Amino acid sequence: MNKVILVGNLTRDPELRTTSGGISVTSFTVAVSRRYKSQDGQQQADFINCVAWRSTADFVAKYFVKGSKIGLSGSIQTRTYDDANGVRKYVTEVVAEDVEFVTSKAQNPGGAGADRGDAPAAGQQQQAQANADDLFAEELSDFQPLDDAELPF
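Notes on the structure follow. Small disclaimer: the values here were computed from a predicted structure and weren't measured.

1. Observations regarding the pattern of salt bridges
In step 1: This structure, assessed with the given rule, holds five salt bridges.
In step 2: With its nearest N and O atoms 3.0 Å apart, the salt bridge here joins Arg12 to Glu15.
In step 3: Residue Arg12 is classed as partly exposed on the basis of its relative accessible area, which comes to 30%.
In step 4: A salt bridge links Lys89 to Asp83, with the nearest nitrogen and oxygen atoms 4.0 Å apart.

2. Quick look at the packing of aromatic side chains
In step 1: According to the stated counting rule, one finds five aromatic pairs in the structure shown.
In step 2: Taking the centre distance of 5.5 Å and the plane angle of 50° together, the rings of Phe59 and Tyr63 count as tilted. Note that Phe59 and Tyr63 are positioned in helix α1 (residues 54–63) at a spacing of four residues, about one turn of the helix.
In step 3: Residue Tyr63 is classed as partly exposed on the basis of its relative accessible area of 29%.
In step 4: Geometrically, the ring pair formed by Phe59 and Phe101 is edge-to-face, given 5.4 Å between the ring centres and 65° between the ring planes. Highlighted residues: Phe59 in helix α1 and Phe101 in strand β6 (residues 88–101), separated in sequence by 42 residues.

3. Regarding the nonpolar core
In step 1: Among the nonpolar cores identified, the biggest contains 16 residues, and Leu6, Phe28, Val30, Cys50, Ile70, Leu72 and Val99 are the most heavily contacted of them.
In step 2: With sequence-adjacent residues up to four places away left out, Phe28 is seen in contact with Leu10, Arg12, Pro14, Ile48, Asn49, Cys50, Val51, Ala52, Val60, Ile70, Leu72 and Ala96.

4. Regarding the pairing of strand β3 (residues 24–37)
In step 1: One ladder, built from two bridges, connects strand β1 (residues 4–10) with β3; its direction is antiparallel. From the neighbouring strand, Leu10 faces β3, where its bridge partner is Val30.
In step 2: Pairing of strand β2 (residues 15–18) with β3, which is carried by four bridges, proceeds in the antiparallel orientation. Looking at β3, one finds that Thr18 is bridged to Ser24.
In step 3: Here β2 hands over to β3 after five residues, with Gly22 in that stretch at a positive phi of 85°.
In step 4: Sheet analysis places β3 next to strand β4 (residues 43–53), joined by 10 bridges and oriented antiparallel.

What counts and how
Residues numbered from 1 in each chain as written. Predicted model: local features only at pLDDT ≥ 70, side-chain atom pairs only at ≥ 80, totals over all residues. Heavy atoms only, no water. Salt bridge = Lys/Arg side-chain N within 4 Å of Asp/Glu carboxyl O. Buried < 20%, exposed > 50% of the residue type's maximum accessible area, 1.4 Å probe, protein only. Phe/Tyr/Trp six-rings, centres within 6.5 Å; stacked < 30°, edge-to-face > 60°. Helix = DSSP H or I, 4+ residues; strand = E, 2+ residues; numbered from the N terminus. Core = buried A, V, L, I, M, F, W, Y, C linked by side-chain atoms within 4.5 Å. Contact = heavy atoms within 4.5 Å. Pairing = 2+ DSSP bridges.

The quantities given are spatial measurements derived from coordinates; they are silent on function.
And the structure:
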């Protein structure tokens, strides 16, 4: 089984590219804090290279920026290539399959108020959020919580 789950902060803005076949690919690095501190009390972190493809790549490039807190799951992939000088290079990276926001838009540098050329205007973002809230409210309009006595366990 090859499954990776990461929660951390982007160390730089994601880099969106398109393959010659028209497929989106985004590269980014996630700083993930270790569970312990060094002997001198410094928080340690690992800097993990990640790549996302297709719609996930577009999502990361559009909504995340340097400093954004990100949650992702995927798998580890290794590959090799020869550079321009003929030297063999080895790469290990996480292929992100599922990506999520970990903080609210207000706390996320890529959220509301961020100056991104490809992001919608603030008014458009507010309207989109209002539309999503209305749809969610419709889904829950007939929701009735269960009483503890109705639970099967």
